[in-house]
Amino acid sequence: MIGTTFIGHPGGADHIQPARVVAVRPDHPVLRGVTMPWVARDEWYSFDGNPAARGMTVLARVDEGSYRPGERLRMGADHPVLWINPRSRGRVVYSALGHEPQLYDDPAYRRILTNAIRWAAR
């Protein structure tokens, strides 16, 4: 359903870090009204591959140069954090964000969640 598998996140005391989130598809309704790039503080997940290779549409990525992912967790320039599955019968949005309660107070993240719910409910 989400097109990839979680392999880990930075560990230790700095598993939660600020990083820059960059729009890949700024025109998509899920990102409407969100100013990018956007700095968010989160636990940055890494995956076994880019879900775009399996037909997903990546909407946003994290800039690995803006935080410390650790060598075994590097995905490179295309490190996705938000995508949709355009091939499913229903509308599916995946977000690798939201591991800290404080992120839900961030207006940009709340806008993304609201937009995602509205888009998926259509």
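A.B. asks: I'd like a rundown of the environment of Pro26, residues and numbers included.
C.D. replies: Position of Pro26 among the secondary structure elements: in the loop between strand E2 (17–23) and strand E3 (38–42). Each C-alpha atom, one on Pro26 and one on Leu113, is 15 Å from the other, the two residues being 87 residues apart in sequence.

A.B. asks: Lay out the sheet that holds strand E6 (residues 80–85) in plain terms, naming residues and giving numbers.
C.D. replies: Here we have five strands laid out as an open sheet, ordered E3-E2-E5-E6-E7, and antiparallel in their pairing. Bordering the open sheet on either side are E3 and strand E7 (92–95), each of which pairs with just one other strand. On average, adjacent strands in this sheet sit at an angle of 25° to one another, irrespective of strand direction. The pairing of E2 with E3 spans five bridges and is antiparallel. Following the sheet pairing, Arg20 is matched in E3 by Val39.

A.B. asks: So what's going on with the environment of Phe6? Which residues, and what values?
C.D. replies: Residue placement: Phe6 occurs in strand E1 (residues 6–8). Residues contacting Phe6, with those up to four places away along its chain left out, are Tyr45, Ser46 and Phe47.

A.B. asks: Kindly report on the pairing of E2, identifying the contributing residues and their values.
C.D. replies: Summarising the sheet, E2 and strand E5 (residues 57–62) pair through three bridges and their orientation is antiparallel. Paired with Val22 across the bridge in E5 is Arg61.

A.B. asks: Mind laying out the pattern of salt bridges, listing which residues take part and the relevant values?
C.D. replies: Tallied over the entire structure, the rule returns three salt bridges. In this structure, Asp27 engages Arg25 in a salt bridge whose closest nitrogen and oxygen atoms are separated by 3.5 Å. You can call Asp27 exposed: its relative accessible area is 56%. The salt bridge partner of Arg54 is Asp48, with a shortest N-O separation of 3.6 Å. Take Arg54: its relative accessible area is 39%, and that puts it in the partly exposed class.

Conventions and cut-offs
- Residues numbered from 1 in each chain as written.
- Predicted model: local features only at pLDDT ≥ 70, side-chain atom pairs only at ≥ 80, totals over all residues.
- Heavy atoms only, no water.
- Helix = DSSP H or I, 4+ residues; strand = E, 2+ residues; numbered from the N terminus.
- Pairing = 2+ DSSP bridges.
- Axes fitted to C-alpha atoms, helices over the stretch in contact; angles between N-to-C directions.
- Contact = heavy atoms within 4.5 Å.
- Salt bridge = Lys/Arg side-chain N within 4 Å of Asp/Glu carboxyl O.
- Buried < 20%, exposed > 50% of the residue type's maximum accessible area, 1.4 Å probe, protein only.

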